[in-house]
Structure formats: structure tokens, C-alpha cells
Amino acid sequence: MSSSRVPSAGRRQRRPDVLLSPLRYPGGKRRLAPYVAEALRLNGLRPRLYVEPFAGGASVAIQLLHENLVEQVVLGEKDPMVAGFWKAVFTDHEQLIARLQKLKPTLENWEYYRSMRPRTVLGWAVKCLFLNRTSFSGILSPTAGPIGGRSQASEHRIDCRFPVERLANRIRQIAAFADRVLLVHEGDWRDLIEHVQKLGYERDQVFYYLDPPFYEKADRLYRYYFHERDHQELHDTLGKLGGNYILSYDAAEPIVRRYSAHANGTRHVELLYSATRRGELIKARELIVSNLPRLPEHTRLWRSKREAVSHALRAPDESVAAMEAVALDGREALFLPAALADAQVSPASLDVR
Ligand SMILES: C[S@@+](CC[C@H](N)C(=O)[O-])C[C@H]1O[C@@H](n2cnc3c(N)ncnc32)[C@H](O)[C@@H]1O
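Residues numbered from 1 in each chain as written. Predicted model: local features only at pLDDT ≥ 70, side-chain atom pairs only at ≥ 80, totals over all residues.

Peer 1: Outline the overall build of the chain, listing residues and values.
Peer 2: Each helix and strand counted, the chain has 13 helices and nine strands in total. With 353 residues in all, the chain has 40% of them scored as buried. (Helix = DSSP H or I, 4+ residues; strand = E, 2+ residues; numbered from the N terminus. Buried ≥ 20, exposed ≤ 12 C-beta atoms within 10 Å, placed from the backbone.)

Here you go:
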């Protein structure tokens with residue numbers, strides 16, 4: 001058996017639009033989805049099984065399903081609240097939407113959902129969706145308060161990220177992929193990988209996208225995070241995965257050092273850069289590790305609008321027209337070289353609120 005292959009992306013191919021996760025996830029990889037999609041195209045892969053053991057908001061999985069770049073998907077997540085959310089989306093989305101439509105984003109409800117312990121998958125899903133959309137930066141860990149604070153004195157109040165019908169639509173669109181979601185595994189990444197390895201797929205048929213908890217400050221972002229030995233174990237496991245993979249990490253110095261040793265058959269260790277809002281100070285944002293033969297060459301995935309424009313002016317042969325801008329929010333734009341932008345979206349189709 002061999003994996004099904006798809007033609008590489010040509011510059012004239014129609015650009016896919018973006019299907020966003022209903023979750024605003026800290027460390028969410030919405031912006032990395034085109035990079036992973038491009039990596040699959042570059043290597044002529046359409047994996048029969050896509051495995052994401054650290055699902056969180058599952059932005060990459062959703063986009064790859066949406067672009068039909070993977071056949072079936074397995075999601076894993078240790079947080080029962082988040083795992084419950086994805087289980088409900090793929091098994092009971094109508095009930096989830098019905099509950100969403102009755103939810104009132106108030107401070108009283110925020111206090112209620114923070115302390116209640118659900119007894120059903122649907123209960124976890126509702127708790128997850130409510131707290132994710134009403135807590136600061138979508139953070140589910142107890143460190144985060146409600147948007148607007150307990151005084152609600154801020155310009156942004158608790159209901160400002162709670163567009164019920166828009167969220168319901170996203171859930172409906174994603175639920176339509178239910179028959180391609182083989183499993184939502186609630187639990188540890190090690191158990192999920194062991195499970196997948198027993199399914200008997202050949203090496204080229206499986207693709208893992210691994211996005212573990214940050215090395216730094218993860219305890220402030222997630223209810224479940226890694227200790228030093230988990231980071232090391234994930235590193236040691238890569239060589240035994242039995243499939244192609246892309247791993248993304250925060251570019252913390254100990255992690256960069258650990259992976260730069262190129263152990264475990266790793267072919268690429270690259271840094272993706274971001275610019276500050278003023279466009280001057282560039283800092284490494286994301287470490288990418290992969291055993292794929294080819295990765296997109298464009299490592300500067302994140303640019304501010306200002307930086308991209310000044311870059312284009314300094315290099316007249318690389319005209320602004322050759323760059324594609326994708327508005328991400330009021331302040332920032334994502335600029336991609338045209339080849340990568342083929343896998344991108346039109347600004348109008350983006351909905352990040
Ligand atoms: C960086 S986030 C993933 C974000 C995701 N890629 C997205 O786009 O939203 C890491 C996730 O790993 C989960 N996690 C933490 N420890 C885990 C473990 N031992 N096994 C599986 N998942 C775990 C956290 O709950 C968190 O949701």
C-alpha cells in the first residue's frame with residue numbers, strides 16, 4: 001500500500017478559504033495551517049491518516065480536512081474539557097448548538113461554569129465553549145479571568161467574543177467532517193501514538209502534526225502541560241513514530257538546543273520568525289522540526305504589514321504585487337510570498353472575531 005499523491009500547488013490554483021476553529025486557543029496554530037498544507041503538497045502527500053495528539057483548537061486539522069489534503073483524522077487531547085468539546089462536535093453537534101444558543105455570556109454564568117464539574121461529554125463541551133469564549137485570551141487554566149475583568153469596567157466586556165450564530169455555523173461546518181474523524185482520544189499523547197501504531201498503517205500513509213504545550217509559561221495557558229521529562233520523551237519518541245511528522249514548538253532556547261542536535265532521523269530544524277507590531281524587532285517565534293524530505297522554503301511566516309512593505313521597497317524586483325496580504329485583525333497582516341500565498345485565503349473570507 002502506498003499513500004495517495006496529489007499534484008504540487010501551482011501558482012494558478014484556486015486559493016482555498018479558511019475554516020476557523022470555534023475555539024480561540026492560546027498558542028493556536030491557525031497561521032501555521034497554510035505552512036503544513038504547503039508541506040504536504042510539496043512532498044506530494046495526501047495522508048490516509050492525519051494524527052494531531054495535542055489538538056487544542058485543532059486549527060490545522062480543520063483546515064487540512066477543509067482543503068481535502070488528508071483522508072481521515074485522529075485528534076488527541078489530555079484536557080477532558082477540550083477533548084469533550086471535539087467529541088461533541090463530531091458526535092452530537094446539534095445538541096451542542098442548541099445549548100450554545102441558550103447560553104448567556106454573563107459574569108454569573110462565567111463563575112458558574114468555572115466551578116461546575118460536568119457529568120457528560122456534552123456538559124464538558126458546553127463548559128469548554130463558554131469559558132473559552134468568555135475568558136481572557138481563551139485561556140482555560142485557572143490563571144485567567146473573564147474578558148473585561150470581574151468589574152467589567154473595560155471597553156471589552158465578557159460577551160465581546162461570543163457571536164452565537166457565527167460559532168454555530170463554524171461548528172456545523174466542522175461537524176460535516178464527522179465521518180472522516182476516526183477518533184477523538186481523551187488522554188496522553190503517548191497512549192494515542194501507541195494506539196495509532198497498532199492500526200497497521202504504512203509509514204507514508206500516516207502524518208503527525210505535533211504541537212505540544214509551550215516550553216515556557218505553559219502552566220499559565222493550559223490546564224495540562226509538560227514537565228522537563230515530557231519534553232525529553234517527546235524528543236526521543238520522534239524517531240520511533242513510524243510516520244512523517246511536523247513538530248512545532250515555542251522557540252525556547254533549551255528546546256532549540258535539544259532539537260538542533262538532529263537526533264532521531266530529523267531532517268529539518270527551522271525557525272519561523274515574527275515581527276513586532278512596529279515591524280523592526282524580529283524574533284524567532286516557532287521552531288519547526290520535521291522528517292519530511294522537503295519543507296516550504298519560506299521560514300518567515302509572520303511579518304507585520306509595515307515590515308513587508310519596507311522589505312518590498314528595498315527589493316524592487318520582489319514587488320509588493322508578488323506578496324499577498326491576508327488581514328488577520330485590525331492591526332496586523334500576514335504577508336506571504338506568492339508561492340505560499342496560493343495556499344492562502346482572500347482577506348474578505350477571513351473571520352477572526
Ligand atoms: C500548544 S497547545 C495546542 C494548540 C493547537 N495546536 C491549536 O492550534 O489550537 C497544546 C495542547 O496540548 C494539551 N496537552 C497538554 N499535555 C498533554 C498530554 N500529556 N497529552 C496530550 N495533550 C496534552 C494541552 O491541553 C493543549 O491543549
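Alright, that's what it looks like, and here's the rest.
Peer 1: Tell me about the site of the ligand, residues and numbers included.
Peer 2: Among the 22 residues in the neighbourhood of the ligand, the closest are listed as Y25, G28, F54, G56 and G57. Of the residues that constitute the shell around the ligand, the class distribution is 10 nonpolar, six polar and six charged. (Near = placed C-beta within 6 Å. Nonpolar A, V, L, I, M, F, W, Y, C, P; charged D, E, K, R; others polar.)

Peer 1: How would you summarise the nonpolar core if you had to cite specific residues and measurements?
Peer 2: If you look at the biggest cluster of nonpolar residues, it comprises 75 residues, and the most contacted ones within it are V36, A61, L64, L75, F85, W86 and A125. Considering every element that reaches this core, the biggest residue donor is helix 3 (residues 80-91), with eight residues. (Core = buried A, V, L, I, M, F, W, Y, C linked by C-beta atoms within 7 Å.)

Peer 1: Residue-level account of the environment of S21, with values.
Peer 2: Mapped onto the secondary structure, S21 falls in the segment before helix 1 (33-42). Taking the number of C-beta atoms within 10 Å as the measure of exposure, S21 has 27 and is therefore buried. Considering only alpha carbons, one finds S21 and R170, 149 residues apart in sequence, at a separation of 6.9 Å. Those residues in contact with S21 that lie beyond four places of it in its chain are G28, G57, A58, S59 and I62. (Contact = placed C-beta atoms within 7 Å.)

Peer 1: Give a description of the environment of M81 that names residues and reports values.
Peer 2: Examined against the element boundaries, M81 turns out to sit in helix 3. Of the residues examined, M81 has 22 C-beta atoms within 10 Å and is grouped as buried. Apart from residues no more than four positions distant in its own chain, M81 is found in contact with W124, K127, C128 and L140.

Peer 1: Report on helix 7 (residues 164-175), specifying residues and quantitative values.
Peer 2: Spanning 12 residues, helix 7 covers 16 Å between terminal C-alpha atoms, matching the ideal 16 Å at 1.5 Å per step. For helix 7, every residue scored as buried is listed here: L167, I171 and I174. All buried residues of helix 7 fall inside an arc of 70 degrees around its axis, so they share one side. Those residues of helix 7 that are buried are in contact with helix 2 (59-66), helix 3 and helix 4 (93-102). (Expected span 1.5 Å × (residues − 1). Arc of directions from axis to C-beta.)

Peer 1: Provide a residue-level description of the pairing of strand 1 (residues 49-52), including the pertinent values.
Peer 2: Here strand 1 shows a buried face lined by L49 and V51 and a second buried face lined by Y50 and E52. Relative to strand 2 (residues 72-77), strand 1 runs parallel, the two being bridged by four bridges. Residue pairing in the sheet places L49 in a bridge with Q72 of strand 2. Inspection of the sheet shows strand 1 paired to strand 4 (residues 206-210) by three bridges, in the parallel sense. Bridging from a neighbouring strand, V51 pairs with Y208 of strand 4. (Pairing = 2+ DSSP bridges.)

Peer 1: Give me the lowdown on the packing of helix 4 against helix 6 (residues 121-134), citing residues and values where you can.
Peer 2: Closest axis-to-axis distance for the helix 4/helix 6 pair is 10 Å, and the angle between their directions is 45 degrees. The angle between the axes of helix 4 and helix 6 places the two elements in the oblique class. Judged by the twist between their axes, the crossing of helix 4 over helix 6 is right-handed. Seen from helix 4, the contacting residues are Q95, L96, R99 and L100; seen from helix 6, they are L122, A125, V126 and L129. (Axes fitted to C-alpha atoms, helices over the stretch in contact; angles between N-to-C directions. Parallel < 35°, antiparallel > 145°, perpendicular 65-115°, else oblique. Left-handed = near helix turned anticlockwise from the far one by under 90°.)

Peer 1: Describe unusual backbone geometry, and please don't skip the residues or the numbers.
Peer 2: A positive phi angle, close to 55 degrees, is found at S137, a residue other than glycine. Position of S137 among the secondary structure elements: in the loop between helix 6 and helix 7. You can call S137 partly exposed: it has 13 C-beta atoms within 10 Å. Unusually for a residue other than glycine, Q152 sits at a positive phi of about 55 degrees. Position of Q152 relative to the elements: it lies in the loop between helix 6 and helix 7.

Peer 1: Provide a residue-level description of the environment of V206, including the pertinent values.
Peer 2: Mapped onto the secondary structure, V206 falls in strand 4. What makes V206 buried here is the crowd of 22 C-beta atoms within 10 Å. In this structure, the C-alpha to C-alpha distance between V206 and V196, residues 10 residues apart in sequence, is 9.0 Å. The contact partners of V206, leaving out residues within four places of it in the chain, are P47, L49, V51, V196, Y201, G242 and G243.

Peer 1: I'd love a proper account of the packing of helix 5 (residues 107-115) against helix 6, names of residues and values included.
Peer 2: Contact geometry for helix 5 and helix 6: axes closest at 10 Å, N-to-C directions at 130 degrees. Taken together, the axes of helix 5 and helix 6 lie oblique to each other. In this structure, helix 5 crosses over helix 6, and the sense of that crossing is left-handed. Listed contacts from helix 6 to N109, W110, Y113 and R114 of helix 5 are K127, F130, L131 and T134. Taken together, the residues of the contact of helix 5 with helix 6 sort by class into four nonpolar, two polar and two charged.

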